[in-house]
Amino acid sequence: MKRCADVVIIGGGIIGCTAAYFLSKYTRDVVLLERKGIASEASGANYGMIWEQTRQPGYDLTMARRSLELYPTLINEVFDTDIEYEKKGGMTVFFTELERTAAEIVTRSKQSQGIPLQLLGAPEVRELEPALSEEIMGAVYCHEDAQLNPMLTTIAFARAARKGGVAIYTDTEVLSIRTHNQSVQSVITNRGEIKTSIVLNAAGSWASQIGDMVGLKIPVYPHKLQSFVTEQIPHVLNRVIQGTQIHRDSSLEEAVQGFSYTRNVSAERPRIGQQPFHQGALADNTMLYIKPTVSDNIVCGTTFEFVGHDKNTSYESLTLIAANAKKTLPQLKDVHIIRSWANFDPWTVDGIPIVGETEIGGFIIAAGHGTAMSHGPATAEALAELIVHGKPIPFGEQASITRFTD
Amino acid sequence: METELAIVGSGPAGLAAAIEAAKTGVKVTIIDENPRPGGQLFKQIHKFFGSEKHKAGIRGIDIGHELLEQCEKLNVQIFLRTEVWAVFDNGKALGLKHANNTTEKLNTRKLILATGAIENPLAFPGWTLPGVLGAGATQTLMNLHRVLPGQRVLMVGTGNVGLIVSYQLLQAGADVVAAIDILPQIGGWGVHASKIRRLGIPILTSHTIKEAFGNNEVKGAVIARVGQDNKVIPETERTLEIDTICIAVGLSPMAELAQSAGCQTIHIAELGGWTPMHNKRMETTIKGIYVAGDVCGVEEASTAMEEGKISGIAAAESLGYLQRGKAKELMKERQESLNALRAGPFATQSKLGKEKLIERFHKC
């Protein structure tokens, strides 16, 4: 194993691997450390949605848009394997009048932010997706939205990084980080010590444990999602379908929030140590995702839970997900589930990741992404510019850790 | 729904485990996706080999009836046409899908996975044509459903399954044109091989299938001799006019449920591939989850029953239905019986495989 490096990246998920690739354009002296294997946590277990429609203006939308620009070039010029990228548009379907009213408000507001949303009625929904339930009243649709295979994508970035000279060490756990005068000195792993002046914490849901190693509180919490995948079925679905998190007894204000995907955060500034709120019954914390893979296995999710790093799946979650999926795509009724799993979306209180420099010299964070597949390439590009040229991250103040303390 | 011991699979291992545990008073629930219990026993119309205490001389079908009768007497609950779609909480709960398409959670204190094995496929040009089928599937069609899959058959593979099914095809009125094997020697027991040879079936060793042809179904196959490198020797090809190709190239443990439950697996070629690790009590790397039978190494029905009994005794003991001393004594008997079964010259491989498996369990 290398004994020193310009940059040591911690985490072999999409953020770590994209950062490794973009940094490899400037320096051959990058090391990536991964406790398990490439894409073995959330980056290998999510729905691979590269969506614009769900983004908030500012940092979030800027990163998502830039990534949507970058992916086609990466596919044509960099990757040596197929990542199953398809730009087929994304659809959020709804069943009730309340949801429709909220959808109208959200569509108008997002259109004014320049996001090309369309409000579809039931006939238009069925024209695009004939197999969806006749109970669906309509959908919010964005033709810019794309999907990909998250595991293949992360691996493709890792391969490109390796080709660019990055040393990737899997099965390598970071045990501690040595600092001197509030600056990074070296990273100590179970396979030895690597001297470096820059550490990139891309440890996703484990980012706060890495932060503890330098005495920095990083408010990223593991948000547990459960999913299953069905057997192969005949082609019935063209694109990813998402549901809403709106309950029948929600107020219109709550419904709009449930649609525009902004966190229910109090008007106060989020604080370090602010714990994820207790969410109540599992049934109230479900959100539908149905993703057709290229092989026409259907991936379905999810429920949301804060239970630490407990990765078990549960009967209650999986049956809730199945019921939701069946209600939306009735043809799933007689289809077998072949596998189920849980993963952790790194969660922050305002839904924006934590990216950028910190009070510890050379300790950079890029974690807390609930939408890492969508932010990855753009975040990595910006981080490389920051590390190599000292260029500030666009809308960086919105993603900075200082938002929790200043 | 609640039970004390859930057993997935009602083949010889699962049924033997159920009887052993239920005898001590354990409440046992068996789940099987098939419409009838018994696993592969009811298609085994041939007599078993070995010593008398291992049911030698008795046909699989009769053993099946005997086991089911005992289960009934002991009030073992059996859910048929019921699928297990997930294992939760380290084996303490199962997701079931019943025959009527409803789902249910089965809470259990202990779990035995006796899911058996699946036939290996063999890929060659034409392998997806109707008429190419597994030898085990052929046996099920003939002996359970009374359907003869074809008239002129090529058997690929001369292990015991290939030899026995060739004989049963003859008995059922089909013509077995040849039994071939890529290895230079016959894989199965001499007694089975000489029986089908006497009846005129040529056994061609060092032979492979090059392709199957036909538009909508198998019309014929090309076979050829192979050299020591297992490659086809040019100009040794022969075309056979046949309508059925039976593939008998071994079995692999069906370890998916064990894997998804989180049991650690290990690849052991002698046992058929990826296999959950277990100790002498048949307990996996997850406490309270046991395995028995082909799922933890492809062997015989007789060994599967012994392993089933051991797992049943172990589960009963850990549930408090058996005193430690008594359990130890019972398990010792079963272990000796297993050792005797694996002492034969044909069981050397599986004995080696099992030793490796148990050794690895204790290392991890």
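The structure presented is a predicted model; accordingly, all values stated were derived computationally and were not measured.

## Structural notes on the overall build of chain B
Now for step 1: Tallying secondary structure elements over chain B gives nine helices and 19 strands in all.
Now for step 2: With respect to the principal axes defined by its C-alpha atoms, chain B has extents near 65 × 45 × 35 Å.
Now for step 3: Here chain B holds 364 residues, and the buried ones make up 52% of them.
Now for step 4: A separation threshold of at least 6 residues defines the contact pool for chain B, and within that pool the share at least 24 residues apart is 61%.
Now for step 5: Looking at chain B as shown, the accessible area adds up to about 16,500 Å², and 50% of this sits on carbon and sulfur atoms.
Now for step 6: If the 40 positive side-chain charges of chain B are averaged to one point and the 37 negative ones to another, these points end up 4 Å apart.

## Regarding the overall build of chain A
Now for step 1: Of regular secondary structure, chain A possesses ten helices and 19 strands.
Now for step 2: Here chain A has a C-alpha radius of gyration of 21 Å; the compact-globule value for 406 residues is 22 Å, and the two agree.
Now for step 3: Per-residue burial over chain A gives 58% buried out of 406 residues.
Now for step 4: Within chain A, residue pairs in contact and separated by at least 24 positions form 77% of the contacts whose partners lie at least 6 positions apart.
Now for step 5: Of the accessible surface of chain A, which amounts to about 16,300 Å², a share of 49% is contributed by carbon and sulfur atoms.

## With respect to the packing of aromatic side chains
Now for step 1: Scanning the model with the defined rule gives eleven aromatic pairs over all chains in all.
Now for step 2: Considering the side-chain rings of Phe79 of chain A and Phe157 of chain A, the 4.8 Å spacing of their centres and the 85° angle between planes classify their relative orientation as edge-to-face. Of the two residues, Phe79 of chain A is situated in the loop between α2 (59-77) and β4 (90-94) and Phe157 of chain A in helix α5 (residues 150-163); the sequence distance between them amounts to 78 residues.
Now for step 3: Judged by its relative accessible area of 10%, Phe79 of chain A is buried.
Now for step 4: By relative accessible area, which is 0% here, Phe157 of chain A ends up buried.
Now for step 5: A network of ring pairs unites the aromatic residues Tyr21, Phe22, Phe79 and Phe157 of chain A as a single cluster.
Now for step 6: Stacked on the ring of Phe95 of chain A, the Lys or Arg Lys327 of chain A has its end atom at 4.0 Å from the ring centre.
Now for step 7: Looking at Arg36 of chain B, its charged tip hangs above the ring of Phe42 of chain B, at a distance of 5.0 Å from the centre.

## Quick notes on the side chain of Asn343 of chain A
Now for step 1: Looking at the element boundaries, Asn343 of chain A is found in strand β17 (residues 337-347).
Now for step 2: Look past the residues within four positions of Asn343 of chain A in its chain and what remains in contact with it is Ala42, Ala45, His223, Lys224 and Leu225 of chain A.

## Quick look at helix α9 (residues 372-389) of chain A
Residue and element names in this part refer to chain A.
Now for step 1: Taking 1.5 Å per residue as the helical rise, α9 with its 18 residues ought to reach 26 Å, and the 24 Å between its terminal C-alpha atoms agrees with that figure.
Now for step 2: Along α9, the sharpest kink reaches roughly 30°, centred on Ala378.
Now for step 3: Here α9 lies mainly inside the structure; 14 of its 18 residues are buried.
Now for step 4: Backbone geometry just downstream of α9 places Gly390 in the positive-phi region, at approximately 70°.

## Topic: the sheet that holds β4 of chain A
All names here are of chain A.
Now for step 1: Strand order in this open sheet of eight strands is β5-β6-β4-β14-β15-β16-β13-β17, and the pairing throughout is mixed. Looking at strand neighbours, the two that pair on one side only are β5 (117-121) and β17, the edges of this open sheet.
Now for step 2: Two elements, strand β13 (residues 221-232) and β17, share ten bridges in a ladder whose sense is antiparallel. Considered in β17, the bridge of His223 is made with Asp345.
Now for step 3: Of the strands in this sheet, β4, β5 and β6 (138-142) touch helix α3 (residues 97-112), which is tilted by about 155° from β5.

## A closer look at the packing of helix α1 (residues 12-23) of chain B against helix α7 (residues 301-318) of chain B
Residue and element names in this part refer to chain B.
Now for step 1: The N-to-C vectors of α1 and α7 enclose an angle of 35°; their axes lie 7 Å apart at closest approach. As for how α1 packs across α7, the hand of that crossing is right-handed. On α7, the residues that touch Pro12, Ala13, Ala16, Ala17, Glu20 and Ala21 of α1 are Ala301, Ala304, Met305, Gly308, Lys309, Ser311, Gly312, Ile313 and Ala316.
Now for step 2: Of the residues in the contact of α1 with α7, the class split is ten nonpolar, three polar and two charged.

## Details of the nonpolar core
Now for step 1: In terms of nonpolar packing, the biggest core is built from 54 residues, with Leu5, Ile7, Val28, Leu94, Leu111 and Leu113 of chain B touching the most fellow members.
Now for step 2: Grouped together as the second largest cluster of nonpolar side chains are 51 residues, Ile9, Leu23, Ala366 and Leu383 of chain A included.

## Brief notes about unusual backbone geometry
Glycine aside, residues mostly have negative phi, and peptide bonds are mostly found in the trans state.
All names here are of chain A.
Now for step 1: Here the amide bond leading from Gly301 into Thr302 is cis, since omega sits at -5°, within 30 degrees of zero.
Now for step 2: Along the chain, Thr302 falls in strand β16 (residues 297-305).
Now for step 3: In this structure, Ala39 is a non-glycine residue whose phi angle is positive, near 60°.
Now for step 4: Within the secondary structure layout, Ala39 lies in the loop between β2 (30-33) and β3 (49-50).
Now for step 5: A positive phi angle, close to 55°, is found at Phe395, a residue other than glycine.
Now for step 6: Along the chain, Phe395 turns up in the loop between α9 and α10 (396-399).

## Examining the interface of chain A and chain B
Now for step 1: Listed by partner, the interface residues are ten residues for chain A and nine residues for chain B.
Now for step 2: Taken together, the two surfaces of chain A and chain B that pack against each other cover about 850 Å², and 55% of this comes from carbon and sulfur.
Now for step 3: By the criterion of area lost to chain B, the three top residues of chain A are Tyr315, His336 and Ile337 of chain A, representing 53% of everything that side buries.
Now for step 4: The tally of links from chain A across to chain B stands at one salt bridge.

## Some words on the pattern of salt bridges
If the charged atoms of two oppositely charged side chains come close together, the side chains can form a pair.
Now for step 1: Overall, the coordinates contain 37 salt bridges over all chains when judged by the stated rule.
Now for step 2: Where Arg403 of chain A meets Asp350 of chain A, a salt bridge forms, and the shortest distance between an N and an O atom there is 2.7 Å. With a gap of 53 residues between them, Arg403 of chain A in the segment after α10 and Asp350 of chain A in the loop between β17 and β18 (354-357) connect regions that are remote in the sequence. Of the two residues, Arg403 of chain A and Asp350 of chain A, neither departs from the other in class, the shared state being buried.
Now for step 3: The partner of Glu336 of chain B in a salt bridge is Lys332 of chain B, and the shortest N-O contact between them spans 3.8 Å. Of this pair, Glu336 of chain B and Lys332 of chain B both sit in helix α8 (residues 324-341), four residues apart, which is roughly one turn of the helix.

What counts, and where the lines are drawn
- All chains use their own residue numbering, which begins from 1 and follows the written sequence.
- In the order they appear in the text, chains get letters beginning with A and ligands get numbers beginning with 1.
- Local features in this predicted model are restricted to residues of pLDDT 70 or higher, and side-chain atom pairs are both shown and tallied only at a pLDDT of 80 or more, whereas totals for entire chains, interfaces and linings draw on every residue.
- Side-chain metrics in this entry use all non-hydrogen atoms of the structure; hydrogen atoms and water are not considered.
- A run of H or I in DSSP counts as a helix once it spans at least four residues, and a run of E counts as a strand once it spans at least two, with each numbered from the N terminus.
- Buried, partly exposed and exposed residues are distinguished by accessible area as a fraction of the type maximum, computed with a 1.4 Å probe on protein chains only: under 20%, between the cut-offs, and over 50%, respectively.
- Contact definition: two residues touch when any of their heavy atoms are within 4.5 Å.
- Where accessible areas are quoted, they stem from the Shrake-Rupley method and a 1.4 Å probe; at the residue level, only the protein chains shown are allowed to cover.
- His residues and chain termini do not enter the charge count, which takes Lys and Arg as positive and Asp and Glu as negative.
- All charge positions are set by atom: Lys at NZ, Arg at CZ, Asp at CG, Glu at CD.
- Both definitions apply: the radius of gyration is a C-alpha atom measure, and the globule rule equals 2.2 Å times residues to the power 0.38.
- Pairing of aromatic side chains here covers Phe, Tyr and the six-membered ring of Trp, requires ring centres within 6.5 Å, and sorts the geometry by plane angle: under 30 degrees stacked, over 60 edge-to-face, intermediate tilted.
- When the NZ atom of lysine or the CZ atom of arginine is within 6 Å of a ring's centre and also within 35 degrees of its normal, the charge is said to sit over that ring.
- Here a helix's expected span is defined as the number of its residues, less one, multiplied by 1.5 Å.
- Here the bend at a residue means the angle between the axes of two seven-residue stretches, the one that ends at it and the one that starts at it.
- By this definition, two strands are paired if DSSP reports at least two bridges between them.
- The angle between two axes is taken between their N-to-C directions and runs from 0 to 180 degrees, where each axis is a line fitted to C-alpha atoms and a helix contributes only its stretch in contact.
- Crossing handedness is defined as follows: a turn of the near helix away from the far one that is anticlockwise and smaller than a right angle gives a left-handed crossing, while the clockwise case is right-handed.
- Note on residue classes: Ala, Val, Leu, Ile, Met, Phe, Trp, Tyr, Cys and Pro are nonpolar, Asp, Glu, Lys and Arg are charged, and everything else, Gly too, is polar.
- What is meant by a nonpolar core is a set of buried Ala, Val, Leu, Ile, Met, Phe, Trp, Tyr and Cys residues, joined one to another through side-chain atoms within 4.5 Å.
- Throughout, buried area stands for the accessible area (probe radius 1.4 Å) lost by two parts on being put together, summed over both.
- Salt-bridge detection follows one rule: a side-chain nitrogen of Lys or Arg within 4 Å of a carboxyl oxygen of Asp or Glu.

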